[in-house]
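# A look at the structure
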Amino acid sequence: IKSNIKINKTISLKLANDIKKIEVDYIAKYKNFRILIRKSGTEPLYRVLVEGNSVKNCLIISSKITNRIKKSIDAG
């Protein structure tokens, strides 16, 4: 599952570190899934990739990650 999170402001170093921590947390929690969160090099986006053996579970995990990142961006 691939999803994008639009960024409407400059990402501070603290916020970038918070997003990296979110990635590390989810990788540790869901060891049977491949999780990648990265900033796009060409667009004002964060890209979220979740791969695993169940599309349903990938959708759920992707949604959780996306919501958590959006909350961090709004708070930061």
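Reading guide: rules and limits
- Residues numbered from 1 in each chain as written.
- Predicted model: local features only at pLDDT ≥ 70, side-chain atom pairs only at ≥ 80, totals over all residues.
- Heavy atoms only, no water.
- Buried < 20%, exposed > 50% of the residue type's maximum accessible area, 1.4 Å probe, protein only.
- Helix = DSSP H or I, 4+ residues; strand = E, 2+ residues; numbered from the N terminus.
- Pairing = 2+ DSSP bridges.
- Expected span 1.5 Å × (residues − 1).
- Arc of directions from axis to C-beta.
- Contact = heavy atoms within 4.5 Å.
- Axes fitted to C-alpha atoms, helices over the stretch in contact; angles between N-to-C directions.
- Parallel < 35°, antiparallel > 145°, perpendicular 65-115°, else oblique.
- Left-handed = near helix turned anticlockwise from the far one by under 90°.
- Salt bridge = Lys/Arg side-chain N within 4 Å of Asp/Glu carboxyl O.
- Phe/Tyr/Trp six-rings, centres within 6.5 Å; stacked < 30°, edge-to-face > 60°.

With 5 of 7 residues buried, strand E3 (residues 45–51) is to be regarded as a mostly interior element. As paired strands, strand E1 (residues 2–6) and E3 are joined by 5 bridges and run antiparallel to one another. Looking at E3, one finds that Asn4 is bridged to Arg47. One ladder, built from 6 bridges, connects strand E2 (residues 34–39) with E3; its direction is antiparallel. Residue Ile35 lies in a different strand from E3, and its bridge partner there is Val50. Counted between consecutive antiparallel strands, the loop separating E2 from E3 contains 5 residues.

Right, let's get into helix H2 (residues 55–75). Structurally, the α-helix is built with 3.6 residues per turn, so residues lying three or four positions apart point the same way. In this model, H2 (21 residues) spans 30 Å end to end at C-alpha, consistent with the 30 Å of a helix rising 1.5 Å per residue. What H2 keeps buried is the set Cys58, Ile61, Ser62, Ile65, Thr66, Ile69, Ser72 and Ile73. Looking straight down H2, one finds that the buried residues subtend no more than 135° of arc, so they occupy a single side. When the buried face of H2 is taken as reference, the exposed residues oriented beyond 90 degrees from it are Lys56, Lys71, Asp74 and Ala75. Buried residues along H2 sit in contact with E1, helix H1 (13–29), E2 and E3.

Next up on the list: the packing of H1 against H2. Contact geometry for H1 and H2: axes closest at 10 Å, N-to-C directions at 160°. Put simply, H1 runs roughly antiparallel to H2. The two elements H1 and H2 meet at a crossing, and its hand is right-handed. Across the interface between the two elements, Leu15, Ile19, Ile22, Asp25 and Tyr26 from H1 touch Ile61, Lys64, Ile65, Arg68, Ile69, Ser72 and Ile73 from H2.

All chains considered together, the criterion is met by 6 salt bridges. One salt bridge in this structure joins Glu23 and Lys20, with 2.9 Å as the shortest N-O distance. Of the two residues, Glu23 and Lys20 are both situated in helix H1; the distance of 3 residues between them amounts to about one turn of the helix. Through salt bridges that share partners, Lys21, Asp25 and Arg68 make up one connected network.

Evaluated as defined, the whole model comprises 2 aromatic pairs. Ring centres of Tyr26 and Tyr30 lie 6.0 Å apart, and the angle between their planes is 15°; on these two criteria the pair is classed as stacked. An identical accessibility class is assigned to Tyr26 and Tyr30; each is buried. Ring centres 6.1 Å apart and planes at 90° place the aromatic pair Tyr30 and Phe33 in the edge-to-face group. We classify Tyr30 as buried; its relative accessible area is 17%. The buried category is assigned to Phe33, whose relative accessible area is 16%. Members of the aromatic cluster, connected to one another through ring pairs, are Tyr26, Tyr30 and Phe33.

Worth remembering: the numbers are spatial, not functional.
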